[in-house]
Amino acid sequence: MLKLFYAPNTISVATAITLHEADLPFEPIKINFATAEQTKPKYLTINPKGRVPALVTDQGTLTETGALLDYIAAQAPASGLVPNDAFQAARMREVMYYLASTMHVNHAHKLRGHRWADTPASHRDMTAKATETMTTSCTYIETNSLTGPYVLGEAFSLADPYLFTICTWLKGDGVDCAAFDKIARFMAKMETRASVQAVRAAGIL
């Protein structure tokens, strides 16, 4: 059985939702960030980067959310998580790569400034900037990425659990969510999915 190493309310939520969407059984294993368990030798043997998620398969361990989501979709092709149309599949990944390279990084600047700078003043600057940069990302998503109820219109895809997970952080980042009607409708739609409800019930989200 697949093993998902996760921490609640982190980007690992996207992988848990996708596993449910693909109907793939998995064992969730919680990593305690409060005790910095992700930095301890035992976990570092699983993921040397000291981050979540990590997905243990019968062929080895995979990390990085986009790679995990693609792997899950490939294990359950009937789930339709990746469009058959090459252009639509590329559109999906365009959003996923933006989330990974820009929006998630904007969020990380709020609490994890030590990854980029050493002085407390620099950390405070990055924390102060997070609301602005996350709002800018929301404007981009609202204007360019949400083409319907989901990222690809009516079709649910891998981009949706990824976007949903990051958008659960918006209130904590100080974003005025009322300013983004499409994102609000998307979040409400996602909350009706059995996968999201299952992840909430398990305490992963």
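Quantities reported herein were computed from a predicted structural model and do not represent experimental measurements. (Residues numbered from 1 in each chain as written. Predicted model: local features only at pLDDT ≥ 70, side-chain atom pairs only at ≥ 80, totals over all residues. Heavy atoms only, no water.)

A. Summary view of the overall build of the chain. When its secondary structure is counted, the chain shows 8 helices and 4 strands. Along the chain, helices (α) and strands (β) appear in the sequence β-α-β-α-β-β-α-α-α-α-α-α when read from the amino end. Relative to the 2.2 N^0.38 estimate, which gives 17 Å for 205 residues, the radius of gyration of the chain is 17 Å and therefore close to what a compact globule would have. The C-alpha extent of the chain, read off along each of the three principal axes, is 50 × 45 × 30 Å. For the chain, the proportion of contacts with a sequence separation of at least 24, taken over those separated by at least 6, is 64%. Total accessible area computed for the chain in this model is approximately 10300 Å², and 54% of it derives from carbon and sulfur atoms. Taking the 19 positively charged and 19 negatively charged side chains of the chain as two groups, their mean positions are separated by 6 Å. (Helix = DSSP H or I, 4+ residues; strand = E, 2+ residues; numbered from the N terminus. Rg over C-alpha atoms; globule rule 2.2 N^0.38 Å. Contact = heavy atoms within 4.5 Å. Areas by Shrake-Rupley, 256 points an atom, 1.4 Å probe, with all protein chains shown as cover. Lys, Arg positive; Asp, Glu negative; His and termini not counted. Charge placed at Lys NZ, Arg CZ, Asp CG, Glu CD.)

B. Here's a closer look at the packing of aromatic side chains. Considering all chains together, one arrives at 3 aromatic pairs under this definition. Here the aromatic rings of F5 and Y43 are separated by 5.9 Å at their centres, their planes lie at 55 degrees, and the arrangement is tilted. Of the two residues, F5 sits in strand 1 (residues 2–6) while Y43 sits in helix 2 (residues 41–44), which places them 38 residues apart along the sequence. Among the residues examined, Y43 registers a relative accessible area of 2% and is labelled buried. Ring centres of Y98 and Y140 lie 4.7 Å apart, and the angle between their planes is 40 degrees; on these two criteria the pair is classed as tilted. Of the two residues, Y98 is situated in helix 4 (residues 86–111) and Y140 in helix 5 (residues 120–145); the sequence distance between them amounts to 42 residues. The exposure class of Y140 is partly exposed, given its relative accessible area of 31%. Above the ring of F156, the side-chain terminus of R193 is found at 3.8 Å from the ring centroid. (Phe/Tyr/Trp six-rings, centres within 6.5 Å; stacked < 30°, edge-to-face > 60°. Buried < 20%, exposed > 50% of the residue type's maximum accessible area, 1.4 Å probe, protein only. Lys NZ or Arg CZ within 6 Å of the ring centre and 35° of its normal.)

C. Just the sheet that holds strand 3 (residues 54–57), in detail. A sheet is described by the order of its strands in space; here 4 strands give the open sequence 2-1-3-4, paired in mixed fashion. In this open sheet, the two edge strands, each paired with only one partner strand, are strand 2 (26–30) and strand 4 (60–63). When strand polarity is set aside, the average angle formed by the axes of neighbouring strands in this sheet is 20 degrees. Inspection of the sheet shows strand 3 paired to strand 4 by 4 bridges, in the antiparallel sense. The residue bridging V56 from the neighbouring strand is T61, located in strand 4. Where helix 1 (residues 12–21) meets the sheet, its contacts fall on strand 1, strand 2 and strand 3, and the angle it forms with strand 1 comes to roughly 150 degrees. (Pairing = 2+ DSSP bridges. Axes fitted to C-alpha atoms, helices over the stretch in contact; angles between N-to-C directions.)

D. Representation of the side chain of T65. With respect to the helices, strands and loops of the structure, T65 is situated in helix 3 (residues 65–75). Among the residues examined, T65 registers a relative accessible area of 5% and is labelled buried. Leaving out residues up to four positions away in the same chain, T65 has contacts with I11, A14, T15, P53 and Y162.

E. Seen up close, helix 8 (residues 194–201). Those residues of helix 8 that fall on the buried side of the exposure criterion are S195, V196 and V199. Projected down its long axis, helix 8 carries its buried residues within an arc of 100 degrees, all on one side. Exposed residues on helix 8 whose side chains face more than 90 degrees from its buried face are A194 and A201. Where helix 8 is buried, its residues contact helix 1, helix 6 (159–167) and helix 7 (181–191). One or two positions beyond helix 8, positive phi appears at G203, with a value near 80 degrees. (Arc of directions from axis to C-beta.)

F. Just the pattern of salt bridges, in detail. Following the criterion strictly, the structure yields 6 salt bridges and no others. Put simply, R193 and E21 hold a salt bridge, and the shortest N to O gap is 2.7 Å. Of the two residues, R193 is situated in the loop between helix 7 and helix 8 and E21 in helix 1; the sequence distance between them amounts to 172 residues. In this structure R193 comes out as partly exposed when scored by relative accessible area, which is 21%. Between R93 and D70 there is a salt bridge; the shortest N-O distance is 2.8 Å. A residue pair is termed long-range when its members are at least 10 positions apart, and R93 in helix 4 and D70 in helix 3 qualify at 23 residues. By relative accessible area, D70 is classed as partly exposed at 24%. (Salt bridge = Lys/Arg side-chain N within 4 Å of Asp/Glu carboxyl O.)

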